[in-house]
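Residue-level listing of the chains:
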Amino acid sequence: GAVVSQHPSWVICKSGTSVKIECRSLDFQATTMFWYRQFPKQSLMLMATSNEGSKATYEQGVEKDKFLINHASLTLSTLTVTSAHPEDSSFYICSAFPFEGATQETQYFGPGTRLLVL
Amino acid sequence: AQKVTQAQTEISVVEKEDVTLDCVYETRDTTYYLFWYKQPPSGELVFLIRRNSFDEQNEISGRYSWNFQKSTSSFNFTITASQVVDSAVYFCALRKAAGNKLTFGGGTRVLVKP
């Protein structure tokens, strides 16, 4: 099956710093990638839809200047948490949709990135 | 708007017992997809099943089975003869046929005790 990787898997940073998380589709091209956030013991909440070559579409309530998304190629999307604060500590998960025949496909999820802001 | 409800937040069973996870969804679309995912303690989501709204046939895969009832907007998941390795959080999700966004339920945490 299709593989999606995320890097880093774990990150601890000081409050006020920016953190970049990468999401890569390893064996397929993805015009669309999704970024989710999951707080402890809660469900996944969609943050934004990342479209290759165009601006990301953010869900209501998600600050686009806070969570910068760049989908520069068909295999890579990045999420940058700018000026991170402790309340941004969460589990960030990306998923990717295959390039071809996507209507019948499911999303492939990355392993997630745990962010802890001190 | 779409909505997925998993009324059970946590279920605890003893190994070899059966466990059924409920999922009720709301959508105005006539064509849609339903999914179940498993999230073990490691955090990575594991895809279990995708069901097309046109296909109401129940499915069995090993110890897993799914009961799709369109009339009651439910897509329940049963683990037969549960094992400790089944301990995880299970999410039901809904997706429009025309779109890519997944709407997740709140998840049900299953704890299987030896």
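In this text, all values refer to a predicted model and were calculated from it rather than measured experimentally. (Residues numbered from 1 in each chain as written. Chains lettered and ligands numbered in written order. Predicted model: local features only at pLDDT ≥ 70, side-chain atom pairs only at ≥ 80, totals over all residues. Heavy atoms only, no water.)

Regarding the overall build of chain B
Scanning chain B from terminus to terminus reveals zero helices and 12 strands. With the C-alpha coordinates aligned to their principal axes, the bounding extent of chain B is approximately 45 × 25 × 20 Å. Within chain B, buried positions represent 44% of all 114 residues. Carbon and sulfur atoms provide 49% of the accessible area of chain B, an area that totals close to 5,600 Å². (Helix = DSSP H or I, 4+ residues; strand = E, 2+ residues; numbered from the N terminus. Buried < 20%, exposed > 50% of the residue type's maximum accessible area, 1.4 Å probe, protein only. Areas by Shrake-Rupley, 256 points an atom, 1.4 Å probe, with all protein chains shown as cover.)

A closer look at the overall build of chain A
Each helix and strand in chain A was counted, giving zero helices and 11 strands. N-terminal to C-terminal, the α/β element order of chain A is β-β-β-β-β-β-β-β-β-β-β. Taken over C-alpha atoms, the radius of gyration comes to 14 Å for chain A, in line with the 13 Å a tight globule of 118 residues would show. On the principal axes, the C-alpha backbone points of chain A span a range of 40 × 25 × 20 Å. Across the 118 residues that make up chain A, the buried fraction comes to 50%. Long-range contacts, defined as pairs at least 24 residues apart, comprise 55% of the intrachain contacts of chain A with a sequence gap of at least 6. Carbon and sulfur atoms provide 53% of the accessible area of chain A, an area that totals close to 5,800 Å². (Rg over C-alpha atoms; globule rule 2.2 N^0.38 Å. Contact = heavy atoms within 4.5 Å.)

A word on the interface of chain A and chain B
Counting residues at the interface gives 24 residues for chain A and 20 residues for chain B. When chain A packs against chain B, the two sides together hide about 1,700 Å² of surface, and 49% of this comes from carbon and sulfur. Here Glu59(A) ties to Lys101(B) by a salt bridge, and the two come within 2.8 Å at their closest N and O atoms. Joining chain A to chain B, the criterion identifies three residue pairs in polar contact (both at pLDDT 80 or more). When contributions to the side of chain A that touches chain B are tallied by element, the ones reaching two or more residues are strand 4 (32–38), strand 5 (45–51) and strand 9 (90–97) of chain A. With four residues, the top contributor of residues to the side of chain A that touches chain B is strand 4 of chain A. Looking at the side of chain A that touches chain B, its residues break down into 10 nonpolar, 10 polar and four charged. (Buried area = accessible area lost by both parts, 1.4 Å probe. Salt bridge = Lys/Arg side-chain N within 4 Å of Asp/Glu carboxyl O. Polar contact = N/O pair within 3.5 Å; in protein donor to acceptor, adjacent residues only side chain to side chain. Nonpolar A, V, L, I, M, F, W, Y, C, P; charged D, E, K, R; others polar.)

What to know about the pairing of strand 1 (residues 4–7) of chain A
Each regular strand shows side chains that alternate between the opposite faces of the sheet. All names here are of chain A. Here strand 1 shows a clear split, with Val4 and Gln6 buried on one side and none of Ser5 and His7 buried on the other. Bridge count for strand 1 against strand 3 (residues 19–25) is four bridges, and the pairing is antiparallel. Its bridge partner being in strand 3, Val4 is matched across the sheet by Ser25. (Pairing = 2+ DSSP bridges.)

Concerning the confidence of the model for chain A
The predicted coordinates ought not to be read in detail in places where the model reports low pLDDT. Counting all residues, the mean pLDDT for chain A is 90, and 93% of those residues have values of 70 or more. Of all helices and strands in chain A, the one with the weakest mean pLDDT is strand 10 (residues 108–109) of chain A (90), whereas strand 11 (residues 113–117) of chain A scores best (97). (pLDDT = per-residue confidence, 0-100.)

A short note on a nonpolar patch on the surface
A contiguous nonpolar patch, built from Trp10(A), Ile12(A), Leu116(A) and Leu118(A) and spanning about 440 Å² of accessible area, is present on the exposed surface. By the secondary structure assignment, Trp10(A) is in strand 2 (residues 10–13). (Patch = residues over 30% accessible without salt bridge, like charges linked within 9 Å, V, L, I, M, F, W, Y side chains within 5 Å.)

Concerning the pattern of salt bridges
Residues and elements named next belong to chain B. By the definition in use, this model includes six salt bridges over all chains. A salt bridge links Glu59 to Arg51; the nearest nitrogen and oxygen atoms lie 2.7 Å apart. With relative accessibility at 31%, the residue Glu59 sits in the partly exposed group. In the salt-bridge network here, residues are joined through shared partners; they are Arg51, Asp55 and Glu59.

What to know about the sheet that holds strand 3 of chain A
Residues and elements named next belong to chain A. Here four strands make up an open sheet; going across it, the order is 1-3-8-7 and the pairing antiparallel. Looking at strand neighbours, the two that pair on one side only are strand 1 and strand 7 (67–73), the edges of this open sheet. Averaged over all adjacent pairs, the angle separating strand axes in this sheet is 15°, with direction ignored. (Axes fitted to C-alpha atoms, helices over the stretch in contact; angles between N-to-C directions.)

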